[in-house]
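Residue-level structural notes
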Amino acid sequence: MKPVIVTDPPRADLEQVTRLADFGVATVHEALGRSGLLGSGLRPIQDGARVGGTAVTALCWPGDNLMIHAAVEQCREGDVLVVTTTSPCTDGLFGELFATALRHRGVRGLVTTTGVRDVTDLRALGFPVWSAAISAQGTVKATAGAVNVPVAIGGQLIRPGDAILADDDGVMRVRREDVQKGLEAAKARLEKEAAAREAFATGQLGLDRYGLREKLEALGVRYLTAEEYEKEQA
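What comes next is a walk through the structure. (Residues numbered from 1 in each chain as written. Predicted model: local features only at pLDDT ≥ 70, side-chain atom pairs only at ≥ 80, totals over all residues. Heavy atoms only, no water.)

By secondary structure assignment, the location of Q74 is in helix α3 (residues 66–74). Here Q74 is in contact with I5, V6, T7, R11, V56, D79, V147 and N148, once residues within four sequence places are set aside. (Helix = DSSP H or I, 4+ residues; strand = E, 2+ residues; numbered from the N terminus. Contact = heavy atoms within 4.5 Å.)

As structure tokens, then:
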């Protein structure tokens with residue numbers, strides 16, 4: 001890893017990213033072919049937060065938050081700070097003081113594979129955070145890393161300026177080139193789900209609506225009475 005701070009990465013259109021976040025992570029993830037999810041290990045420290053923003057990335061060394069300080073300077077209105085480390089680390093690299101600085105710059109939230117601290121204060125501040133851990137373990141500021149370079153989380157490559165969506169269901173990345181596609185696909189999926197919801201509310205079964213009875217039959221699944229089942233087990 002080369003120690004570098006990139007100051008001017010291209011960013012996705014913020015208005016479009018904001019609209020995309022309104023659909024929710026689960027809907028957008030499904031609409032884009034079940035792609036972009038950063039795994040189940042990143043969990044919100046608060047309930048009910050939903051954010052969408054453009055990624056500013058910080059690649060740190062374990063137990064060292066020097067590059068988060070450098071990343072704060074590169075953040076601007078509508079960004080989401082994405083922090084990861086060169087090897088696994090759950091130390092509390094981020095806390096309330098960082099959140100205060102980021103909030104002043106209009107940053108919409110933090111996503112980190114590390115730990116965070118000052119959780120009560122972060123909640124009171126209303127600064128949304130998704131993290132892999134909560135930890136009071138302190139850190140140092142000693143080792144150079146990188147800011148606004150591509151980073152990998154949960155098997156997904158996140159480039160600076162990509163769209164980051166996060167809510168109670170998790171966190172996902174949408175490539176900045178795919179945000180418009182995501183809007184169109186998410187709208188279509190929402191309309192499809194609305195039709196299904198109306199059908200289910202009137203008693204239709206998913207087995208019939210989605211043609212799953214035929215699939216069960218093709219897979220060799222049989223319907224048996226309890227008596228027939230007991231006889232086969234004897």
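Structure's up, so let's keep going.
Of all the 10 residues making up strand β3 (residues 51–60), 10 are buried; the element is thus mostly covered by neighbouring parts of the structure. Strand direction decides the pairing type here: β3 and strand β11 (residues 163–167), joined by four bridges, are antiparallel. Looking across to β11, one finds that G53 is bridged to I164. The pairing of β3 with strand β4 (residues 79–85) spans seven bridges and is parallel. Within the sheet, the bridge partner assigned to C60 lies in β4 and is T85. Crossover handedness for the path β3 to α3 to β4: right-handed. (Buried < 20%, exposed > 50% of the residue type's maximum accessible area, 1.4 Å probe, protein only. Pairing = 2+ DSSP bridges. Right-handed = clockwise from strand over helix to strand, strands pointing away.)

What follows deals with unusual backbone geometry. Residues apart from glycine generally show negative phi values, whereas peptide bonds are mostly found in trans. Unlike most non-glycine residues, R34 shows phi in positive territory, near 55 degrees. In this structure, D118 is a non-glycine residue whose phi angle is positive, near 55 degrees. Within the fold, D118 resides in the loop between β6 (109–116) and α5 (119–125).

This brings us to the pairing of β11. The element β11 is extensively covered by neighbouring structure, given that five of its five residues are classed as buried. Residue alternation in β11 divides its side chains into two sets, A163, L165 and D167 and I164 and A166, and both sets are buried. Note: β11 against strand β12 (residues 170–174), five bridges, orientation antiparallel. By the bridge assignment for β12, A166 is matched with V171. Connecting β11 to the next strand, β12, in antiparallel fashion are two residues.

Throughout the structure, instances matching the rule amount to three aromatic pairs. A centroid spacing of 5.5 Å and a plane angle of 20 degrees characterise the contact between F94 and F98, whose relative ring orientation is stacked. Among the aromatic residues, those joined into a cluster by ring pairs are F94, F98 and F127. (Phe/Tyr/Trp six-rings, centres within 6.5 Å; stacked < 30°, edge-to-face > 60°.)

The biggest cluster of nonpolar side chains holds 27 residues, and the ones touching the most others in it are I68, L81, F94, L102, L110, F127 and V129. Counting residues per element, the ones that place at least two in this core are β3, α3, β4, β5 (92–94), α4 (96–104), β6 and α5. The element best represented in this core is α3, accounting for five residues. If we ignore the near neighbours within four places in the chain, the residues touching L81 are V56, A58, I68, A71, C75, L102, V107, G109, L110 and V111. Ranked by size, the runner-up nonpolar core spans 18 residues in total, among them V51, V80, A166 and V171. (Core = buried A, V, L, I, M, F, W, Y, C linked by side-chain atoms within 4.5 Å.)

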